[in-house]
Amino acid sequence: MEPSQYHLPVLLHEVVANMDIRADGTYVDATFGGGGHSRAILEKLGPQGRLIVFDQDEDAYRNRIVDERVTFVRENFRHLHRFLKLHKALEADGLLADLGVSSHQFDTGARGFSTRFDGNLDMRMDTRNSLTAADVLQTYSEQHLHQIFQDYGEVTNSRTLAKTIVQLRKAHPLRTIGEFKSLIQPIVKGNPAKYLAQVFQALRIAVNDELGALKDLLTQSSQVLKPGGKLAIITFHSLEDRLVKNYMKAGAFEAADENPYSFETPPKLFKLITKKPVTAGETELRANPRSRSAKLRVAEKI
């Protein structure tokens, strides 16, 4: 499969420009996906350069780049430090993570990421894990479901949604997207496409523990980068962006004023390269509508 068909890399030129790539450097692409960002980094690397890529998705692994400078780690990026140490790649010059779900995953109905197809309620980024979206819907308590829909999807009637699922799941199967959509259809609020997108986002984040993995990545980023090394992260919703912004700014996940009991100021780990998030220009927005919600933040390790 051609990489361009697999997934269009967002903010490609902005990433490469802000990472200031050195020909003999060691770089990490924590979210290989279709390999677009990786290929652009490789073009800047000379024979001594190294690129370590992470992706837990089997399809991404099948699409890997064959190049002696590239090491593919088929793991979640939350294990960043362990595998960089294993591959003698600590003290990296740059680390990139594009937190978007790849177009390929959205466009493969059987993966269960998209509301446009009828497939199993799966949503696992790593199919070696056992927990699926169907499991979450069938087994999580009403309170837990309410919290997921409220926190991860900002769903307007998250309490009603959780209650409805728990009431109806005993009698109704919740194995497929079609079954789930017809079950919740009577309580959908506002624009159905937007509502379902929020519900699916919440389930996907819960199934893959995406925010937990992002926190792990951020915490380890300062341990794996050398002083002067660049951290570049592309987010697609406010939950992720808030974590990245606060961590780059203050080395903590909550802004200082969000935690009234915190009197300690953590040491500054990064210097901001981008004061404001970088977003897609008109040309990219026309070519790839999915880039609309992308925000790139870049910082340099102190």
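Figured I'd write up the structure that's included with this text. Here the structure is a predicted model, which means the values were calculated and not measured.

**Overview of the layout of surface pockets**
Line of reasoning, step 1. Here the second largest pocket defines a volume of roughly 230 Å³.
Line of reasoning, step 2. Elements with a contribution of two residues or more to the lining of the second largest pocket: α12 (210–224) and α13 (238–250).
Line of reasoning, step 3. For the lining of the second largest pocket, the leading source of residues is α13, giving four residues.
Line of reasoning, step 4. In the lining of the second largest pocket, the residues fall into four nonpolar, two polar and four charged.

**Focus: the side chain of Arg69**
Line of reasoning, step 1. Structurally, the position occupied by Arg69 is in the loop between α4 (58–62) and β3 (70–73).
Line of reasoning, step 2. A polar atom in the side chain of Arg69 sits 3.4 Å from the backbone oxygen of Gly46.
Line of reasoning, step 3. The residues contacting Arg69, other than those within four sequence positions of it, are Leu42, Leu45, Gly46, Pro47, Gly49, Arg50 and Leu51.

**A closer look at the nonpolar core**
Line of reasoning, step 1. If you look at the biggest cluster of nonpolar residues, it comprises 31 residues, and the most contacted ones within it are Phe54, Leu95 and Leu217.
Line of reasoning, step 2. Every element with two or more residues in this core is listed here: β2 (50–54), α5 (80–86), β4 (92–98), α12, β5 (225–235) and α13.
Line of reasoning, step 3. Those residues in contact with Leu217, other than ones at most four positions away along the chain, are Ala30, Phe77, Leu80, Leu95, Ala97 and Ile233.

**Some thoughts on the packing of helix α8 (residues 142–153) against helix α11 (residues 192–208)**
Line of reasoning, step 1. Direction vectors running N to C along α8 and α11 enclose 105°, while the axes themselves pass 8 Å from each other. Taken together, α8 and α11 sit at an angle that is classed as roughly perpendicular. Seen from α8, the contacting residues are Ile148, Phe149, Tyr152 and Gly153; seen from α11, they are Gln198, Val199, Gln201, Ala202, Leu203, Ile205 and Ala206.
Line of reasoning, step 2. The residue makeup of the contact of α8 with α11, split by class, is eight nonpolar, three polar and no charged.

**Notes on the environment of Glu14**
Line of reasoning, step 1. Counting through the fold element by element, Glu14 comes out in helix α2 (residues 12–19).
Line of reasoning, step 2. By relative accessible area, which is 23% here, Glu14 ends up partly exposed.
Line of reasoning, step 3. Sequence-wise, Glu14 and Asp57 are 43 residues apart; in three dimensions their C-alpha atoms are separated by 25 Å.
Line of reasoning, step 4. With sequence-adjacent residues up to four places away left out, Glu14 is seen in contact with Val278, Glu284 and Leu296.

**Looking at the packing of aromatic side chains**
Line of reasoning, step 1. Summed over the entire model, instances satisfying the criterion amount to five aromatic pairs.
Line of reasoning, step 2. Grouping aromatic residues by their ring pairs yields a cluster made of Phe32, Tyr61 and Phe72.
Line of reasoning, step 3. It is Arg64 that lies over the ring of Tyr61; its NZ or CZ is 4.0 Å from the centre.

**A short note on the sheet that holds β5**
Line of reasoning, step 1. With respect to topology, seven strands assemble into an open sheet ordered β3-β2-β1-β4-β5-β7-β6, the strand pairing being mixed. In the strand order of this sheet, the two ends are held by β3 and β6 (270–272), each with one partner. Here the average twist between neighbouring strands, direction ignored, is 20°.
Line of reasoning, step 2. Bridge count for β2 against β3 is four bridges, and the pairing is parallel. Along β3, the bridge assignment pairs Leu51 with Val70.

**A short note on unusual backbone geometry**
Phi is mostly negative for residues that are not glycine, and the peptide bonds are mostly trans.
Line of reasoning, step 1. The backbone of Asp20 sits at a positive phi, close to 55°, despite the residue not being glycine.
Line of reasoning, step 2. Its location among the elements puts Asp20 in the loop between α2 and β1 (26–29).
Line of reasoning, step 3. A relative accessible area of 52% means that Asp20 is categorised as exposed.
Line of reasoning, step 4. Here the phi dihedral of Glu154 falls at roughly 50°; this positive angle occurs in a residue that is not glycine.

**Digging into the pairing of β1**
Line of reasoning, step 1. Residue alternation in β1 divides its side chains into two sets, Thr26 and Val28 and Tyr27 and Asp29, and both sets are buried.
Line of reasoning, step 2. As paired strands, β1 and β2 are joined by four bridges and run parallel to one another. Along β2, the bridge assignment pairs Thr26 with Arg50.
Line of reasoning, step 3. In terms of strand pairing, β1 meets β4 through three bridges, oriented parallel. What sits directly across from Val28, in β4, is Leu95.

Conventions adopted
- Residues numbered from 1 in each chain as written.
- Predicted model: local features only at pLDDT ≥ 70, side-chain atom pairs only at ≥ 80, totals over all residues.
- Heavy atoms only, no water.
- 1 Å grid on protein atoms, 1.4 Å probe; cavity = no way out; pocket = protein on both sides within 12 Å on 5 of 7 lines; lining within 4 Å.
- Points joined across faces, edges and corners; volume = space filled by probe spheres on them.
- Helix = DSSP H or I, 4+ residues; strand = E, 2+ residues; numbered from the N terminus.
- Nonpolar A, V, L, I, M, F, W, Y, C, P; charged D, E, K, R; others polar.
- Polar contact = N/O pair within 3.5 Å; in protein donor to acceptor, adjacent residues only side chain to side chain.
- Contact = heavy atoms within 4.5 Å.
- Core = buried A, V, L, I, M, F, W, Y, C linked by side-chain atoms within 4.5 Å.
- Buried < 20%, exposed > 50% of the residue type's maximum accessible area, 1.4 Å probe, protein only.
- Axes fitted to C-alpha atoms, helices over the stretch in contact; angles between N-to-C directions.
- Parallel < 35°, antiparallel > 145°, perpendicular 65-115°, else oblique.
- Phe/Tyr/Trp six-rings, centres within 6.5 Å; stacked < 30°, edge-to-face > 60°.
- Lys NZ or Arg CZ within 6 Å of the ring centre and 35° of its normal.
- Pairing = 2+ DSSP bridges.

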